[in-house]
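# A closer look at the structure
Residue-level listing of the chains:
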Amino acid sequence: MTQIPFVESPERQSLRQEVRKLASSYGREYFVRQARNGEKTTELWQDIAKHGYLGVSIPEEYGGGGGGIGDLAAVLEELAAAGSPLLMMVVSPAICGTVITRFGTDEQKRRWLPGIADGSFTMAFAITEPDAGSNSHRITTTARRDADGWVLKGRKIYISGVDEAQAVLVVARTEDAKTGSLKPCLFVVPTDAAGFEYQPIEMEILSPEKQFSVFIDDVHLPADALVGDEDAGLLQLFAGLNPERIMASAFATGMARLALEQAVEYAKTRQVFKTPIGAHQAIAHPLAESHVEVELARLMTQKAAALYDAGEDMAAGEAANMAKFASADAVCKAADRAVQTLGGNGLTVEYGVASLLTASRLSRIAPVSREMILNFVSSFSLGLPKSY
Amino acid sequence: MNIVVCVKYVPDATGDRKFESDNTVDREGVDGLLSELDEYAVEQSLQLKEKLGSDGGDSEVTVLTIGPAGAVDAIRKALQMGADKGVHVQDDAIAGSDAFATSLVLAEAVKKLPHDLVVCGMASTDGGMGVVPAMLSERLGLPGATLGSSIELDGQTLKIRRDGDTATVTVEATLPAVLSVTDQSGEARYPSFKGIMAAKKKPVETWSLADLGVDAGQVGLEASYTAVEETQARPPRTAGEIVKDEDGSGAKALVDFLVSKKFV
């Protein structure tokens, strides 16, 4: 294994500074306004893309920056810290871009990667099903061959941003996989394909990106809609799921920084007795503790990304899970403590901290619940027997 | 076409400004960066290079700065934006130099570089004197087109628009020339990801006063004509006054306030 340093490179730090500056010119107000008005954050998406920040992890020959998931995660974290996270980065460049880069044919790469890199083509990702929440072994969306290619049938739930995507990378199984063992295969399905329908799910989360139920009713696909090898199994899927976890961690730690920054700013200026409330340890210590938790989660996220970018898939998977766990807990506590610091103001629309409560809560559930991560760590890291 | 863009490494204006016992700016205790006003100079330099395209032969933008070791960060930022190479004049003897001494060092450095156009920002965000571009043109014996808010290059003729309070003037100069640009000249670009990565490999040379043939006695705090005698912390921001308009009296209250402060 190559030596991986503990501190990010000067270039990574420059990238963070520039993204932070650009995102701050939009600010939290922009994100909140767009979300409340039912609009998207397309301007920011395009702006980020224009500077090559969206496509950092896509290979240069396909219009990207030739960097890694660590770079992409840094971009997302800074966007979130500035109050305007772009959720579709988790799926379009991180999951879909990575899977196509690693397993797509040259033709597939040429067709999809340049658009994913420059933001003109957004690809959503569909794995979760109503009857197979955390158990992806129970995926029932099936693909059967027909004369020209494939016919896809199934149902997906909690799929982000289908309405702003031109295609969805759908996790399915081939029909002859009777053994029940998971042999996921991945299909690129255009969102305007006949038989492909989606309905929004009303969520209590302030977000410009919506969640959808997806109905796939005998959607005909050409043979080259299949990305990678029909029998390559878990490898291909995890090539996409590890970046997803790393990106989810970056999303969470960025949001945690936002919550902390707002709390700290308030605690420095709000004065009730003789000193600003931040001088009271009852206020200061929880915020300090959150800062420690966030920094630890960031470090683990960076480690997971470094391992992934070094080609250490197995080690990256373990680190990505732990990073996701730590980041989710860190952001939930940070949001809770921020609200407590602001008191009544913490629940007002004006101060904008309350919306972080539900948004942060999502981190403990998606893309994999903290319980499933603990199951994984119990069995994979500690060697304990499995219950399922 | 050779463009030299002069930039300054300054303390981050969003942080707390501190001073040393000799009233020079404390550069150790704060984060430094490329002066925001110089980003406009870099931007215009890059735009001129891009407009010249291949017609201008091999155009090159060289970033020049004077400053302590950390000042290389300012060069790096300009290289990330797209400049081609950097020159960092670094010498302990320069510390504390005023605008006059600074312009001497800059001029000697520029003379060592091929230059058709020397581009500066309108002022630094820390010292804020805004006189270096004019001093530089004098020392180099080149025409100085300063405070340009729009810049055009037509062959060997530089044409700028300078916006004044009462009139706008168009200034023309023949190359080689010194140009300074305002914050109205066009938003500075963000470095692209590729730009950030490419900057790592771009050459940066470090020169000392000896390399420039400048005597240490001509620069630094001792040799400076101007001296900072006193510094004061900015007074804390006061709460301000909110004019509420519930019965139609708001407009009058607002005008009364402006009159009381002699704004109108």
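Residues numbered from 1 in each chain as written. Chains lettered and ligands numbered in written order. Predicted model: local features only at pLDDT ≥ 70, side-chain atom pairs only at ≥ 80, totals over all residues. Heavy atoms only, no water.

## With respect to the overall build of chain B
Scanning chain B from N- to C-terminus turns up 8 helices and 12 strands. With the C-alpha coordinates of chain B rotated into their principal frame, the extents come out at 70 × 45 × 40 Å. Looking at chain B as a whole, 41% of its 264 residues qualify as buried. The long-range fraction of contacts in chain B, counting pairs at least 24 apart against all pairs at least 6 apart in sequence, stands at 71%. Working note: accessible area of chain B is about 14300 Å², and carbon and sulfur atoms make up 48% of it. (Helix = DSSP H or I, 4+ residues; strand = E, 2+ residues; numbered from the N terminus. Buried < 20%, exposed > 50% of the residue type's maximum accessible area, 1.4 Å probe, protein only. Contact = heavy atoms within 4.5 Å. Areas by Shrake-Rupley, 256 points an atom, 1.4 Å probe, with all protein chains shown as cover.)

## Re the sheet that holds strand β7 (residues 144–148) of chain B
Residues and elements named next belong to chain B. One open sheet holds the 7 strands; their spatial order is β7-β11-β6-β1-β4-β5-β12, and the pairing between them is parallel. For this open sheet the edge positions go to β7 and β12 (204–207), each flanked by a neighbour on one side alone. The sheet shows a mean angle of 20° between the axes of neighbouring strands, taken without regard to direction. Where strand β1 (residues 2–7) meets strand β4 (residues 60–66), 6 bridges bridge the pair, whose relative direction is parallel. (Pairing = 2+ DSSP bridges. Axes fitted to C-alpha atoms, helices over the stretch in contact; angles between N-to-C directions.)

## Considerations on the interface of chain A and chain B
Taken residue by residue, the interface counts 16 residues in chain A and 11 residues in chain B. Between chain A and chain B, the buried area comes to about 1200 Å², and carbon and sulfur atoms account for 59% of it. For the pair chain A and chain B, the interface holds 2 salt bridges. Ranked by the residues each element gives to the side of chain A that touches chain B, the list is headed by helix α1 (residues 10–24) of chain A, at 6 residues. Of the residues contributing to the side of chain A that touches chain B, the split by class is 4 nonpolar, 7 polar and 5 charged. (Buried area = accessible area lost by both parts, 1.4 Å probe. Salt bridge = Lys/Arg side-chain N within 4 Å of Asp/Glu carboxyl O. Nonpolar A, V, L, I, M, F, W, Y, C, P; charged D, E, K, R; others polar.)

## Regarding the layout of surface pockets
All names here are of chain A. Of the voids in this model, the second largest pocket is the one considered here, and its volume is about 1700 Å³. Looking at the second largest pocket, it is lined by 50 residues, and the ones nearest its centre are Leu-241, Glu-244, Arg-245, Pro-367 and Val-368. At the level of elements, α5 (88–103), β3 (149–160), α7 (234–269), α9 (313–342), α10 (355–363) and α11 (370–381) are the ones that each hand at least two residues to the lining of the second largest pocket. In terms of residues, the lining of the second largest pocket owes the most to one element, α7, which gives 11 residues. Among the residues making up the lining of the second largest pocket, the classes are represented as 31 nonpolar, 14 polar and 5 charged. (1 Å grid on protein atoms, 1.4 Å probe; cavity = no way out; pocket = protein on both sides within 12 Å on 5 of 7 lines; lining within 4 Å. Points joined across faces, edges and corners; volume = space filled by probe spheres on them.)

## Thoughts on the confidence of the model for chain B
Overall, the prediction assigns chain B a mean pLDDT of 92, with 98% of residues at 70 or greater. Scored by ipTM, the complex comes to 0.88, with pTM at 0.90. (pLDDT = per-residue confidence, 0-100.)

## Regarding the pattern of salt bridges
Taken as a whole, this structure holds 34 salt bridges over all chains when the rule is applied. Glu293(A) is the partner of Arg337(A) in a salt bridge, and the nearest nitrogen-oxygen pair spans 3.4 Å. Here Arg337(A) is found in helix α9, whereas its partner Glu293(A) is found in helix α8 (residues 281–309), with 44 residues between them in sequence. For the pair shown, Arg337(A) and Glu293(A) are each scored as buried. Two residues, Lys77(B) and Glu39(B), come together in a salt bridge whose shortest N-O distance is 3.4 Å. Remark: Glu39(B) occurs in helix α1 (residues 36–52) and Lys77(B) occurs in helix α2 (residues 72–81); sequence separation between them is 38 residues. The network of salt bridges with shared partners includes Glu8(A), Arg12(A), Arg16(A), Asp71(A), Glu77(A), Glu78(A), Arg257(A), Glu295(A) and Arg298(A).

## Observations concerning the nonpolar core
Ile48(A), Met89(A), Met123(A), Phe125(A), Leu152(A) and Phe187(A) are the most contacted members of the largest nonpolar core, which has 112 residues in total. With residues near it in sequence (within four places) discarded, Phe187(A) still touches Ala143(A), Trp150(A), Leu152(A), Val168(A), Leu169(A), Val170(A), Ala172(A), Leu221(A), Ala225(A) and Leu226(A). Of all hydrophobic cores here, the second largest spans 36 residues; its members include Leu34(B), Val61(B), Ile151(B) and Val181(B). (Core = buried A, V, L, I, M, F, W, Y, C linked by side-chain atoms within 4.5 Å.)

## So, empty space enclosed by the protein
All names here are of chain A. In this structure the tally under the stated criterion is 1 cavity of 30 Å³ or more. Taken as a whole, the largest cavity holds about 50 Å³ of empty space. For the lining of the largest cavity, the secondary-structure elements that each account for two or more residues are α1, α4 (69–81) and α8. When residues of the lining of the largest cavity are assigned to their parent elements, the largest contribution, 4 residues, is made by α4. Partitioned by chemical class, the residues of the lining of the largest cavity number 4 nonpolar, 3 polar and 4 charged. Two domains each provide a minimum of three residues to the lining of the largest cavity, namely domain 1 (10–122) and domain 3 (233–381). (Domains from an automatic or database assignment.)

## Considerations on the packing of α7(A) against α10(A)
Residues and elements named next belong to chain A. Running from N to C, α7 and α10 point in directions that differ by 150°, and their axes come no closer than 10 Å. Overall, the two elements α7 and α10 adopt an arrangement that is roughly antiparallel. Viewed along their axes, α7 and α10 form a crossing whose handedness is left-handed. Contact residues: α7 offers Ala-252, Met-255, Leu-258, Ala-259 and Gln-262, while α10 offers Leu-356, Ala-359, Ser-360 and Ser-363. Within the contact of α7 with α10, the residues separate by chemical class into 6 nonpolar, 3 polar and no charged. (Parallel < 35°, antiparallel > 145°, perpendicular 65-115°, else oblique. Left-handed = near helix turned anticlockwise from the far one by under 90°.)

## Regarding the domain arrangement of chain A
Residue and element names in this part refer to chain A. Split by domain assignment, chain A resolves into domain 1 (10–122), domain 2 (124–227) and domain 3 (233–381). Computed over C-alpha atoms only, the centres of domain 1 and domain 2 are separated by 23 Å. On the domain 2 side, the residues contacting the 24 residues of domain 1 number 22 residues. Here domain 1 packs against domain 2, burying approximately 1900 Å² in sum over the two surfaces, 67% of which is carbon and sulfur. Broken down residue by residue, the surface that domain 1 buries against domain 2 is led by Lys-40, Met-88 and Thr-122, which jointly contribute 27%.

## What about the packing of aromatic side chains?
Per the counting criterion, the structure on display carries 7 aromatic pairs over all chains. Consider the rings of Tyr198(A) and Phe212(A), whose centres lie 5.4 Å apart with planes at 85°: the pair is edge-to-face. One end of the pair, Tyr198(A), is in strand β6 (residues 196–201); the other, Phe212(A), is in strand β7 (residues 211–222), with 14 residues separating them in the sequence. You can call Phe212(A) buried: its relative accessible area is 4%. Through pairs of rings, three or more aromatic residues link up here, namely Phe196(A), Tyr198(A) and Phe212(A). Over the face of the ring belonging to Trp207(B) we find Lys112(B), whose NZ or CZ atom lies 5.2 Å from the ring centre. (Phe/Tyr/Trp six-rings, centres within 6.5 Å; stacked < 30°, edge-to-face > 60°. Lys NZ or Arg CZ within 6 Å of the ring centre and 35° of its normal.)

## A few points about unusual backbone geometry
That bond from Ala366(A) to Pro367(A) is cis: its omega, -5°, falls within 30 degrees of zero. Examined against the element boundaries, Pro367(A) turns out to sit in the loop between α10 and α11.

## Comments concerning the side chain of Asp71(A)
Counting through the fold element by element, Asp71(A) comes out in helix α4. Among the residues examined, Asp71(A) registers a relative accessible area of 9% and is labelled buried. Among the polar contacts listed, one links the side chain of Asp71(A) to the backbone nitrogen of Gly68(A), at a separation of 2.9 Å. Other than its neighbours up to four places away in sequence, Asp71(A) contacts Arg12(A), Leu15(A), Val56(A) and Phe193(B). (Polar contact = N/O pair within 3.5 Å; in protein donor to acceptor, adjacent residues only side chain to side chain.)

## Some details on the packing of α8(A) against α9(A)
Residue and element names in this part refer to chain A. In contact at an axis separation of 8 Å, α8 and α9 are set at 160° when each is read in the N-to-C sense. With respect to each other, α8 and α9 are oriented roughly antiparallel. Of the two elements, α8 crosses α9, and the hand of that crossing is left-handed. Across the contact of α8 with α9, the residue classes tally to 18 nonpolar, 4 polar and 5 charged.

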